[in-house]
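Letter by letter, the chains look like this.
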Amino acid sequence: MRWSSGLICCLLVLILAPMRLALAQSAPILDAARVLGLPASNNADLERFLRLNTPRAFAVGPNGAMGWQAGGGDAAFVEQRAIASCERRAGAGNCAVVLRDLAIVRPGREWAPAPPPANIGISSMAHDTVPDNRFIWWGPQQARGVLVFAHGRGERAGRGVGMDDSRGSQPQSWTRHFNNAGYDIWRFDRHPNSDETARAARWLRTDLAELRRRGYRHIIVAGQSRGGWNAMMVLDQPGLADVVIAIASAAHGRGADARNDPQWQQISQLEAILAAGQASSQARLAAANFRDDPYDAEPERRAALMRQYGQRFAGFLLIDRPEGLIGHSAGASSAFNARYGACLLNFATAARPPTNC
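All chains use their own residue numbering, which begins from 1 and follows the written sequence. In view of the model being predicted, local features appear only for residues whose pLDDT reaches at least 70, and side-chain atom pairs are presented and counted only at 80 or more, with totals across whole chains, interfaces and linings using the full set of residues. The basis for every side-chain value is the complete set of heavy atoms in the structure, and neither hydrogens nor water enter the calculation.

Some words on the state of the cysteines
By definition, disulfides here are pairs of cysteine sulfur atoms that lie within 2.5 Å. Enumeration over the complete set of coordinates arrives at two disulfides. Covalently, Cys-86 is tied to Cys-95 through a disulfide, its sulfur atoms 2.1 Å apart. For the disulfide bridge between Cys-86 and Cys-95, the dihedral angle about the S-S bond is near -75°, and by the sign convention the bridge is left-handed. Cys-95 matches Cys-86 in its accessibility class, with the two residues each being buried. Sulfur-sulfur distance for the disulfide between Cys-343 and Cys-357 comes to 1.9 Å. Taking the sign of the S-S torsion, about -85° here, the bridge from Cys-343 to Cys-357 comes out left-handed. With Cys-343 in helix α10 (residues 334-349) and Cys-357 in the segment after α10, this residue pair connects regions lying 14 residues apart in the sequence. Note on exposure labels: buried denotes an accessible area under 20% of the residue type's maximum, exposed denotes more than 50%, and partly exposed covers the range between, all computed with a 1.4 Å probe on protein chains only. According to the relative accessible area criterion, Cys-357 is partly exposed, its value standing at 48%. Ordering the disulfide-forming cysteines of the chain by sequence position, one finds them joined as 1-2, 3-4. To qualify as a helix, a DSSP run of H or I must reach at least 4 residues; to qualify as a strand, a run of E must reach at least 2; elements of each kind are numbered from the N terminus.

Set out below in C-alpha cells:
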C-alpha cells in the first residue's frame, strides 16, 4: 500500500496530539498561550521564545502587545528589554512579564516546574553528570528519554596558560526542542585539569550505563567540540546510546597550535572511532561541521569519511558546512537552533529518521 504525504501528516498529528497534551498538562508553560489566554498573534513569538535558553522573559500588554528577550545579559537586563519591547507597542507602564525562564509568573496563574531531586547526579573527583535545572525536569519514569550534553575543552582566552573551565555551562539552545518534547537534559561536566580524551570517554560510558539502569528508555548523547568527540567514542559499546549528536567534534587543537596530537592525526583517529562505532550499528549518528572551523583539519576528508561510515548506522545525518553558520561555535547560535533544532529532534525520534534537513 502506498501512503500519501497528506495522510501520513494527518496520522502523525493524531499520534502526537495526546503526547503534546500530556506534556502540556504536566508543564503548563508549554501551553502558555492557552493558559494565559494570549491572542493567536503571539503564538509564533511564544513558540520561538520557548525554544531559547535562559535567562529569558516574555512580557505582554493590552491589545495583543508583547515583547520578549532571551540571553544577551543577566536576568534583570533580559526582563528590562522584554518590557521595553512590549511598551513600544503598548505605551509606558502598560506591560508586565508573564513568563520568566521556566515559570509562569502572571498573578493567579503562577506555575514553576519541580526541580530535579537533590543528589541525583553521578560524580567522581574530577567529573559530574547532572541534570541541568535550567530545563524542565521530567524524571526517568515520565520522560521520553534523556539527552546528555558534553561541553567542549577550550583554551583560556587572554588569561594565561591553561584550559577554560566549562563546567556548568548551559547546553546549546537546540536541546530545548528535546526538553520541550519530554526529554530530560543532563550535563557531562569535567574538571579541566583532568579532562583527558580517553578518560572522559570512560566516565561517559559508565554514566550512560547508569542512566539506562535508572530507567531512561531512550538515551541521546550529544556534545560540542571535545564533547562531541567523546560522544562518538561511546559507540564502541552497544546499548549505551540510542542516538549520538556530534557538534563540531574535535580533539586535536587548532591548526599549527595543536599541543597534544597534531591535527594530521585527526582523520585517522576519527576513522578509528567510526569503525569501532559499528558495534552500535543499531544507533543513530548525527554530526554538524562548520565553515572556517580552525579545529577541523581537513573538512572535505572529514565529511567524506563520515558519509562512508555513516551509512552503516541505523540512521545518519550530516549537516556539512551550512551557509551562514561560521566557526567552531556555530552550533551554539540561535540561528543553528532555528534552522536545525526541530530536524535533530525528528532525526532522534522519528520511526524513519531523515537523511537531511
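Back to the text.
Some points on helix α4 (residues 75-90)
A helix is expected to reach a length of 1.5 Å times the quantity of its residues less one. Under the 1.5 Å per step criterion, the end-to-end length of α4 is 22 Å for 16 residues, consistent within 8% with the ideal 22 Å. All of the buried residues along α4 are Val-78, Ala-82, Ser-85, Cys-86 and Ala-90. Take α4 and look down its axis: the buried residues cluster within an arc of 130°, on one side only. Exposed side chains of α4 directed beyond 90 degrees from the buried face belong to Ala-76 and Arg-88. Two residues or fewer past α4, Gly-91 is found with a positive phi of approximately 95°. Read the arc as the range of directions from the helix axis to the C-beta atoms.

Describing the packing of aromatic side chains
Pairs were defined over the aromatic rings of Phe, Tyr and Trp, the Trp ring being its six-membered one, requiring ring centres within 6.5 Å. Orientation was assigned from the angle between planes: stacked under 30 degrees, edge-to-face over 60, tilted for the rest. By the definition in use, this model includes nine aromatic pairs. Judged by centre distance (6.3 Å) and plane angle (70°), the rings of Phe-149 and Trp-174 are edge-to-face. With Phe-149 in strand β7 (residues 145-150) and Trp-174 in the loop between β7 and α5 (176-180), the pair connects residues that are 25 residues apart, well separated along the chain. Residue Phe-149 is classed as buried on the basis of its relative accessible area of 6%. On the numbers, 5.9 Å between centres and 75° between planes, the contact of Trp-174 with Phe-178 is edge-to-face. The buried category is assigned to Trp-174, whose relative accessible area is 0%. In textbook terms, an aromatic cluster arises when at least three aromatic residues are bridged by ring pairs, as seen for Phe-149, Trp-174, Phe-178 and Tyr-183. The criterion is that NZ of a Lys, or CZ of an Arg, lies within 6 Å of the ring centre and within 35 degrees of the ring normal, and then a charge sits over that ring. Over the face of the ring belonging to Phe-49 we find Arg-56, whose NZ or CZ atom lies 5.1 Å from the ring centre. The side chain of Arg-176 reaches across the aromatic face of Phe-135, ending 3.7 Å from its centre.

Purely geometric numbers; function is a separate question.
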